[in-house]
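Chain residues, written in single-letter form:
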Amino acid sequence: MTAHHASPSVPPHRYVIIGNGVAGNQAAEGLRSRDPEGLVTIITNNRLLFYNRYLLPLLFRSHKDWRELQSHSADYYQKHRIRVIRDVRVTAVDAGRRQVMLAHKEPITYDTLLVATGGRSYLPEELADSRHLLNSFGTYEQAMAVKKALPDRGTVVMLGGDMIGLDLARTLLSIDCRVVLVTHETTFWPHQVTPEVRMEFLNVLRDMGMDVIDGDAAGGVTAIEPGTAGLPARRVVFRQGGDVYGDVVMPFYGLVPSVEFMMGSGTDIERGILVGTNLRTNDNHIFAAGDVCQIWSEQEHAYRFYYGYQNVRAMGAVAASNMTGGNEHFAITQNGSLSRDGRGHIDSSFWAYD
Amino acid sequence: MKATDIQIALCGSAGDGTIAAGDILRNAVARAGYRVISFDVYPPEIRGFGKCISRVRITTEQSYALKRQSDVFVSLDDSHAIPHVGEVRPDGAVIFESQPVATVAEGHHISGHIHPGHIPYGIPLRELSEKSTGGGRSRNLVVLGYIAGLLGLAPEHFLSIIEKKFTKQGSEVVSRNQAGFHAGFQAGTATFKLDNVFFTPLGTPHGSEQVVMLSGNAAVAQGCMDAHLDTFFGYPITPATSIMERLAVALPKRGARLLQTEDEISAMAASIGAGFAGARAATATSGPGLALMSEMIGLATMAEVPCVVFVSQRGGPSTGMPTKTEQSDLNAALYGSPGDSQHIVIAPTNVEGCYRCAGKAFEMAERYQTPVIVLLDLYLSNRYETVTLAVSGPPFNLNANKPRPRLEAGEVYKRYALTDDGISPRAIPGDAGCMHVITGLEHNELGRPSDQEEMHAAMSRKRHDKLLGALQHPDFTVSKRFGDPGRVKVGLLSWGSTFGECLEAMFMAQAEGIPCAAMKVVMLAPFPVQPVADFMADCDVVLVPECNYEGQFAHLVQGILAKPVVRLSRVPGSPMPVEAILGEVRRLARGAVTAIAS
Ligand SMILES: Cc1cc2nc3c(=O)[nH]c(=O)nc-3n(C[C@H](O)[C@H](O)[C@H](O)COP(=O)(O)OP(=O)(O)OC[C@H]3O[C@@H](n4cnc5c(N)ncnc54)[C@H](O)[C@@H]3O)c2cc1C
């Protein structure tokens, strides 16, 4: 069904998508096929076109140019007339004027807006001052910076240990790096695990060759310091005393939704943007999809996040349909828990992205 | 390892420091040992509005033309840069201001226009400038620093060029601009480079050569100085003015003279006077000035007085387009003067050629006792190239006069004696026993007015035949063939600044497997008939690309050789795009125009 038909007297519908991730790109594809005349604009603070971030750990196995990670070529965007404004940040949404404000003080007008800004890695407050000594792992550039900083068979200290980090850890172990995991309540995020399962899988990680430090027992991490001469580049200091050294220290404390710019837009926000299963917000012209939104669960009578590639992609498709007059509802496509693969190593449905 | 071949384009508004940044960039990379070709486009207005673009191509080996697509494109003013953003190659970088001072109207920021195949680098240029220098005016230096940091160029050459450039404005200005550069450099080094633009390290240069960076006009001025120019008379006109400006500084240092006359007629007349007096004399102008000089050039032809006229062409006719390039004064240079007034016309094809042609023009003027017009154009005058000069000194003959035989007792000096080669013994006022008359009237061997039929025929022949010697002038390339030897499908026949583009197009065509050759014709009058005829005989079809509407050079060739050529005559106001030439070469190679060519 194609809901919006542009006729010579009706200007084309302006769809603006904030976010160049899985949800945003899936939505753009859907919008283009459902409204061939519509103007589709993706806005992102990334420099690169959409690429597969799940593949970033592979950079440590072999050299991959970012072009090899890209999901679509530049021609794809040109052919489908999807405009991607890159390396710009959205600072606000003026729902009254239906305008997105960019950091360089340019407004972008929309008829229908999709917020698909995902999440960024969470950093506990006590580590904010040490940010410059930590290596994040959200983008190609950040992954390459880690690769550069990490010597052959070097040591990575992983703080937290969410599933994004543990995926990287698997790769690092396979190339003979040492991985020291400092556990936290977010270990295994987004899986919510019972204490027994947690214990079981921490042991699995040990069996895989990881050094596991009980972060709670150590009183948590209080600071990161530059390593002294002759020692690895970073020192992680624990509240109860004691420390651990690594060439690179990486926070993996799960993701927090990127919603700051939506404050003041009048859209309902809890931790993420609140939407129904049709991904509509309380503003008729604004939708949200992906890691940024909390979807109403009739079963749980609460708004909840649904992570994972397949869920997020399904959200993008539902959003595109409903932005063009459809009435589809998101249904969870990917759930699950921690498991073990044939070798007894940790596995998760979160890592199934194809 | 792949050789370096990077083109950086800076685009801004007059007053943004775009051209200054381009100048620092080309000088810094040239000092680092890279080869450069660079061309600035600027508006006729002085400050506050108008588009400025500085394009700098940096290579390991000297290149011959700018590329159509740059590898790095900088916007210092989005309103001017947006129409040019398509000039960036796939995976090329677009650097822009991410923190403009004022609100931007929707659709007026460059970020929304960058193609999906480009890499955007939004940089807070103004903020970095303000933080490092206390003001926003050093954005151009910040961006240079950013480029250097991003592409891994060492800062020292930039810093010393900045110091040199701003030293007259005081040490505070120097350190402010250096601070701006540093701020950009740090930001550039901290940025992860996504585009595949790389500088490859250079080998050691030859000791027998020195490489300098010159614009076409600077090379002309240098050639004049190295050929020991004695006097220069001029009247300012774009794009020739900077020849006079440079000579105004250089000539007095050597005790030589420069005079700004009241107009072009006087400038030409004074040059003839100085030439008559035995000095090496020159003037420089553009199309409108050449029109005013034409009567006087006829006088020099008739009186056989050596003098040199540099003509830098711009868009015409009349006042035309003063800041746009064109090659449309060829007819005026060849035929501008009334009467059968042939003189020598030479046209360099690159900046090094500007230097050589300038120096050689004085030799030829002296040797063949004639005015010599050196035809440049705005593209050549204003473009910068690294030029290799011999360390052993200037390659010019400082006295090219034909030796004058001693007069026998009682012999009368004949200023216009009819000789085998048409060149008469030249005396200058004050030479003992050589008192003579010169006049614009037709004359006999003594110089006395004569309108006898035989004398006019003999003198006309003399004035033409003596010039033929110039086709064999020592150490001067009259024409030269490049590319595939023997029979080729397409031959590119070209003159002046467009030859660089032809050469690039030829290389590209050869790489595509098209048998192709190119010939540059430097001497346009007298015309090198034989080499051009030989070249044309080797080509299935001859293409003549030139930046004028009428196909003036094509007319010349066809008129002299009575052979067909295919014209590619364009008046874009900018250099002929290599791709336009290549497109024609491909079309011709496919045999699309055999009918026209045969
Ligand atoms: C290294 C890595 C590995 C991962 N591995 C897996 C995995 O194996 N399995 C899995 O299920 N999930 C994985 N994830 C998580 C997965 O990436 C997310 O669940 C999914 O990408 C969410 O998609 P999204 O479209 O909602 O948001 P994202 O993909 O996060 O995209 C959000 C976009 O919004 C842009 N944006 C944010 N704020 C702004 C702003 N203010 N202005 C402009 N643009 C903005 C961002 O630049 C980005 O382009 C991984 C994540 C990372 C970083």
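All figures in this text were calculated on a predicted structure; none of them were measured in a lab. Residue numbering note: each chain is counted from 1, following its sequence as written. Labels are handed out in written order, letters beginning with A for the chains and numbers beginning with 1 for the ligands. Per-residue local features are limited, in this predicted model, to residues with pLDDT of at least 70; the limit for side-chain atom pairs, both in listing and counting, is 80 or more; totals at the level of whole chains, interfaces and linings are taken over all residues. Remark: hydrogens and water are excluded; side-chain values derive from all non-hydrogen atoms of the structure.

*Asks:* I tried to follow the interface of chain A and chain B on my own but got confused; where do I start?
*Replies:* How large an interface is tends to be reported as the accessible area lost when its parts come together. The criterion used for residue contact is that any of the two residues' heavy atoms lie within 4.5 Å. Across the contact, 24 residues belong to chain A and 33 residues belong to chain B. A simple way to read buried area is as the amount of 1.4 Å-probe accessible surface that goes missing from two parts once joined, with both sides added. Surface buried jointly by chain A and chain B totals about 2,100 Å² across both partners, of which 52% is contributed by carbon and sulfur atoms. Contact with chain B buries surface across chain A, with A:R47, A:R86 and A:K105 losing the most and accounting together for 29% of the total. Definition used for salt bridges: Asp or Glu carboxyl oxygen within 4 Å of a side-chain nitrogen of Lys or Arg. Applying the counting criterion to the chain A and chain B interface returns one salt bridge.

*Asks:* Can you walk me through the domain arrangement of chain B in this structure?
*Replies:* Residues and elements named next belong to chain B. Domain start and end points were adopted from an automatic or database domain assignment. Partitioning chain B into structural domains gives domain 1 (5-190), domain 2 (212-390) and domain 3 (479-597). Contacts between domain 1 and domain 3 engage seven residues on the former and eight residues on the latter. Between domain 1 and domain 3 lies a buried interface of about 590 Å² when both sides are counted; carbon and sulfur atoms form 65% of it. At the surface where domain 1 touches domain 3, the tally comes to two salt bridges.

*Asks:* I keep staring at the site of the ligand and nothing clicks. Help me out?
*Replies:* Residues and elements named next belong to chain A. Lining the immediate surroundings of the ligand are 30 residues, of which A23, N45, R53, D291 and F350 lie closest. Residue T44 places a side-chain N or O atom 3.2 Å away from an oxygen atom belonging to the ligand. Polar contact is the term for a pair of N or O atoms within 3.5 Å; when the atoms are in protein, one must be able to donate a hydrogen and the other to accept it, and sequence-neighboring residues count only if both atoms are side-chain atoms. In this structure, R53 approaches the ligand through a side-chain N or O atom, which is 2.8 Å from an oxygen atom. Out of a free accessible area of 970 Å², the ligand has 94% covered by protein chains. Elements that contribute at least two residues to the shell around the ligand include exactly α1 (22-34) and α7 (309-323). Here the residues of the shell around the ligand are counted per class, giving 15 nonpolar, twelve polar and three charged. In this structure, the shell around the ligand is formed jointly by two domains, domain 1 (14-118 + 258-323) and domain 2 (121-254), each of which donates at least three residues. Nearness of a residue to a molecule or strand requires only that one of the residue's heavy atoms be within 4 Å of it. Per-residue and other accessible areas were derived by the Shrake-Rupley procedure at a 1.4 Å probe size, with only the shown protein chains allowed to occlude residues. What counts as a helix is a DSSP run of H or I of at least four residues, what counts as a strand is a run of E of at least two, and both are numbered from the N terminus. Only Asp, Glu, Lys and Arg are considered charged, only Ala, Val, Leu, Ile, Met, Phe, Trp, Tyr, Cys and Pro nonpolar, and every remaining residue, Gly among them, polar.

*Asks:* Would you explain the sheet that holds strand β20 (residues 566-569) of chain B in this entry?
*Replies:* Two modes of strand pairing occur in sheets, parallel and antiparallel, and in both the strands are linked by backbone hydrogen bonds. All names here are of chain B. Note on pairing: DSSP must find at least two bridges between two strands before they are called paired. Overall, mixed pairing links the five strands, which are arranged β15-β17-β16-β19-β20 in an open sheet. The open sheet has two edge strands with one neighbour each: β15 (479-483) and β20. Averaged over neighbouring strand pairs, the angle between their axes works out to 20° when direction is ignored. As paired elements, strand β16 (residues 488-494) and strand β19 (residues 539-546) share four bridges and run parallel to each other. Opposite V488, over in β19, you have C539 as the bridge partner. For every element, the axis is a line fit to its C-alpha atoms; helices are fit only across the contacting stretch, and the angle between N-to-C directions ranges from 0 to 180 degrees.

*Asks:* Looking at this model, I keep getting lost on helix α7 (residues 216-226) of chain B. Mind explaining?
*Replies:* Residues and elements named next belong to chain B. The buried fraction of α7 is high, at ten of eleven residues. Taken residue by residue, α7 has G216, N217, A218, A219, V220, A221, G223, C224, M225 and D226 as its buried positions. Check the buried side of α7 and you find it contacts β7 (209-215), α8 (241-253), β11 (307-313), α12 (351-368), β13 (371-377) and α13 (378-382). Classification of residues uses two cut-offs on accessible area relative to the type maximum, computed with a 1.4 Å probe and protein chains only: under 20% is buried, over 50% is exposed, and between them is partly exposed.

*Asks:* Whenever I open this one, the packing of helix α9 (residues 264-276) of chain B against helix α10 (residues 287-303) of chain B confuses me. Can you help?
*Replies:* Each pair of packed helices can be described by the angle between their axes along with the distance between the axes. All names here are of chain B. Where α9 contacts α10, the two axes come as close as 8 Å, and the packing angle between them is 25°. With respect to α10, the element α9 is oriented roughly parallel. The two elements α9 and α10 meet at a crossing, and its hand is right-handed. Here α9 contributes E264, I265, A267, M268, A269 and I272 to the contact with α10, which in turn contributes G289, L292, M293, M296, I297, L299 and A300. Its residues placed into classes, the contact of α9 with α10 shows eleven nonpolar, one polar and one charged. Orientation labels follow simple angle bins: below 35 degrees gives roughly parallel, above 145 gives roughly antiparallel, 65 to 115 gives roughly perpendicular, and whatever is left gives oblique. Helix crossings get a hand from a simple test, with the near helix turned counterclockwise from the far one by less than a right angle marking a left-handed crossing and a clockwise turn marking a right-handed one.

*Asks:* Help me out: how do you make sense of the packing of aromatic side chains in this one?
*Replies:* For any pair of aromatic rings, the description consists of the separation of the ring centres together with the inter-plane angle of the planes. Pairing of aromatic rings covers Phe, Tyr and the six-membered ring of Trp, with a centre-to-centre limit of 6.5 Å; geometry is then stacked below 30 degrees between planes, edge-to-face above 60, and tilted otherwise. Per the stated rule, a full pass over the model turns up 23 aromatic pairs over all chains. Summarising the aromatic geometry, the rings of A:W296 and A:Y303 are spaced 5.1 Å apart at their centres and angled 65° between planes, so their arrangement reads as edge-to-face. Joined through ring pairs, the aromatic side chains of A:W189, A:F305, A:Y307 and A:F350 make up one cluster. Lying across the ring of B:F198, B:K193 places its NZ or CZ 4.1 Å from the centre. By the criterion adopted, a ring carries a charge over it if an Arg CZ or a Lys NZ lies within 6 Å of its centre and within 35 degrees of its normal.

*Asks:* I keep staring at the sheet that holds strand β10 (residues 281-285) of chain B and nothing clicks. Help me out?
*Replies:* Residues and elements named next belong to chain B. Pairing is mixed in the open sheet, where seven strands are placed in the order β9-β8-β10-β11-β13-β12-β18. Edge positions in the sheet fall to β9 (257-260) and β18 (523-525), since each of these pairs with one other strand and no more. Taken over all neighbouring pairs, the strand axes of this sheet differ in orientation by 20° on average, direction set aside. Of the pairings in the sheet, the one linking strand β8 (residues 231-234) to β10 comprises two bridges and is parallel in character. Bridge pairing in β10 links T231 to A281. Together, β8, β9, β10, β11 and β13 form the strand contacts of α8, whose direction differs from that of β9 by roughly 140°.

*Asks:* Before we go on, may I ask you to explain the nonpolar core in this structure?
*Replies:* The biggest cluster of nonpolar side chains holds 90 residues, and the ones touching the most others in it are A:Y140, A:L172, A:F188, A:L205, A:I346, B:I95 and B:Y121. The greatest single-element share of this core, amounting to nine residues, is contributed by helix α4 (residues 139-151) of chain B. Residues enter a nonpolar core if they are buried and are Ala, Val, Leu, Ile, Met, Phe, Trp, Tyr or Cys, with the set joined through side-chain atoms within 4.5 Å.

*Asks:* Can you walk me through the pattern of salt bridges in this structure?
*Replies:* In a structure, side chains of opposite charge can pair up when their charged atoms sit close to one another. All chains considered together, the criterion is met by 42 salt bridges over all chains. Put simply, A:R14 and A:D111 hold a salt bridge, and the shortest N to O gap is 3.1 Å. Of this pair, A:R14 sits in strand β1 (residues 14-18) while A:D111 sits in the loop between β6 (107-109) and β7 (112-115), placing them 97 residues apart in sequence. A relative accessible area of 34% means that A:R14 is categorised as partly exposed. Residue B:D91 is joined to A:R67 by a salt bridge in which the shortest nitrogen-to-oxygen separation is 2.6 Å. Of this pair, B:D91 sits in strand β5 (residues 88-97) while A:R67 sits in helix α2 (residues 66-69), on two different chains. A residue is classified by how much of its surface remains accessible, and A:R67, at 26% relative accessible area, is partly exposed. One continuous salt-bridge network, built from bridges that share partners, spans B:D5, B:R57, B:K67, B:D71, B:R89 and B:E504.

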